[in-house]
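Coordinates in review
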Amino acid sequence: MTGYPLMRVDIVVAATFLPKLTYLFSSSYFRKYYLSRSLSLSLSLSLKKWKYFPFSASLVQFYNRRCIPVMEGIGTNQGSVTCASWIRRPENETLVVLGRSRRGDTSPPIIELFSFDAKTVSLSSSPLFTYVLEEGSPVTIAVHPSGEDIVCSTTSGDCKLFELCGREANVKLLAKKLLPLEGAGTLKCLAFSPDGSRFATGGLDGHLRIFEWPSLQVVLDEANAHRSFRDMDFSLDSEFLASTSTDGSARIWRTSDGVPLTTLTRKSDEKIELCRFSKDGTKPFLFGTVQQGNKAVTAVWDISTWNKIGHKRLLNKPASIMSISLDGKYLALGSKDGDICVVDVKKMEICHWSKRLHLGTCIETLDFCPKERVVLTTSTEWGAVVTKLTVPADWKEWQIYLLLVGLFLASAVAFYIFFENSDSFWKFPIGKDQPARKKFGAIFGDSKSSDDQNTWGAYEPLDM
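What comes next concerns the included structure. Bear in mind that the values here come from a model prediction, so they are computed numbers and not experimental data.

Remarks on a positive patch on the surface
- Side chains of Arg 227, Arg 266, Lys 271 and Lys 336 sit close together on the surface and give a patch of like positive charge.
- Here Arg 227 lies in the loop between strand E13 (218–222) and strand E14 (229–234).
- The class of Arg 227 is exposed, set by a relative accessible area of 64%.

This is how it looks when you write it as structure tokens:
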């Protein structure tokens, strides 16, 4: 059986008059072999256009719930994916944590753990572990650099702390109390510093909190930091924290004592929306998206002076999310209509485009995989998607060692050839009474042991 079993229009007609076709829609065989991503997108749009057919609206809802899986095997029959993040593990293992909202009375809000397969660039078909939240749906998630602690903010105004335990298929989440953030309100931004020593939160009410981790000792508790938080990020050395507001302002904070250092300058009609520090360790820059009317650009600030040094149009549309890879080589932007672009930081040129990745919906999460050139994106409509980037492959550790060994062997061979042919190469004349150059083996001496020779034989006997 090849090709699509029915044309898009025929599916609508047949589903209207033949209820048994819904069984075909819900079957795993149909989802696996006939609902590729391109068919999913075109079918969804076509169903929405044929509104004069009876029950078409119900069919669209049914199709969205049962027949459009999140591309890598995560079904959407539960609540919408609201947030996600990669989890770095000390072993050769990478996990993904997802937060799902409540759907009606039958699907409570949950936190799920999935494994990631680098060979197939996909997530596991079923979660390794599921934690049911009693109150509130997940808003955003932050993972500690060690991969052991996970913090999730909820719509109920509380923050949940989870400890990741176990390995591989036996992982689980242990819930702990986060007393300083109980009743803190809805937190839009959560961030750990790269060294894991600081944890910052930004609320919809503009409240900024900076804690030492894991002691949770308060470094800063500023209720009027912004009108309402939009984004935040720590610098590579964990010394600075950049935060942006919904009113377009951006401020810089010193994380050691919470002192506000400066407010980034902008024009009256400009809004600084997103911010990310450079992470390559050589370029002390702060990247930010700036919206000026209908014009959207990516600007760069020098963090030694906090002066703007330039800008460039990259996404050519308003961005909803920004992310930077752990090694600082790539910067990614997600749009409000489902596109993403990845930029080479050294050249500030786009090296990867994924258009209509989340067709017609705002990208809520954009996160680089810690070990592969893969990004994780989420939206409320299309769920979670992992995408392999079309960028040059990185050198593996074993490839670097192999190259070093090869260079060492090549240099040894070159030295031997040069030594054997040094006289002919330099064309030094050999005098009549000048002895010829010793052979290569003479350098290391005779093969006989020196213990078998008379050490005093080279000298005349002493006359006592």
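Here's the deal with the layout of surface pockets
- Its volume calculated, the largest pocket comes out at about 1300 Å³.
- Along the walls of the largest pocket sit 46 residues, with Ser 85, Ile 141, Leu 190, Arg 276 and Asp 367 positioned nearest its centre.
- Elements with a minimum of two residues in the lining of the largest pocket: strand E1 (81–88), strand E6 (138–143), strand E10 (187–192), E14, strand E18 (270–277), strand E22 (319–324) and strand E26 (365–368).
- A per-element tally of the lining of the largest pocket places E1 first, with 7 residues.
- A per-class count over the lining of the largest pocket returns 27 nonpolar, 10 polar and 9 charged.

Things to note about unusual backbone geometry
- For the bond from Trp 213 to Pro 214, the omega torsion is 10°, close enough to zero to count as cis.
- Mapped onto the fold, Pro 214 is located in the loop between strand E12 (208–212) and E13.
- Here the phi dihedral of Ser 238 falls at roughly 65°; this positive angle occurs in a residue that is not glycine.
- Inspection of the secondary structure assignment puts Ser 238 in the loop between E14 and strand E15 (240–245).
- You will see that Arg 356, though not glycine, has its phi angle at about 60°, which is positive.
- Looking at where Arg 356 falls in the secondary structure, it is placed in the loop between strand E25 (349–354) and E26.

What counts as what
- Residues numbered from 1 in each chain as written.
- Predicted model: local features only at pLDDT ≥ 70, side-chain atom pairs only at ≥ 80, totals over all residues.
- Heavy atoms only, no water.
- Patch = residues over 30% accessible without salt bridge, like charges linked within 9 Å, V, L, I, M, F, W, Y side chains within 5 Å.
- Areas by Shrake-Rupley, 256 points an atom, 1.4 Å probe, with all protein chains shown as cover.
- Salt bridge = Lys/Arg side-chain N within 4 Å of Asp/Glu carboxyl O.
- Lys, Arg positive; Asp, Glu negative; His and termini not counted.
- Charge placed at Lys NZ, Arg CZ, Asp CG, Glu CD.
- Helix = DSSP H or I, 4+ residues; strand = E, 2+ residues; numbered from the N terminus.
- Buried < 20%, exposed > 50% of the residue type's maximum accessible area, 1.4 Å probe, protein only.
- 1 Å grid on protein atoms, 1.4 Å probe; cavity = no way out; pocket = protein on both sides within 12 Å on 5 of 7 lines; lining within 4 Å.
- Points joined across faces, edges and corners; volume = space filled by probe spheres on them.
- Nonpolar A, V, L, I, M, F, W, Y, C, P; charged D, E, K, R; others polar.

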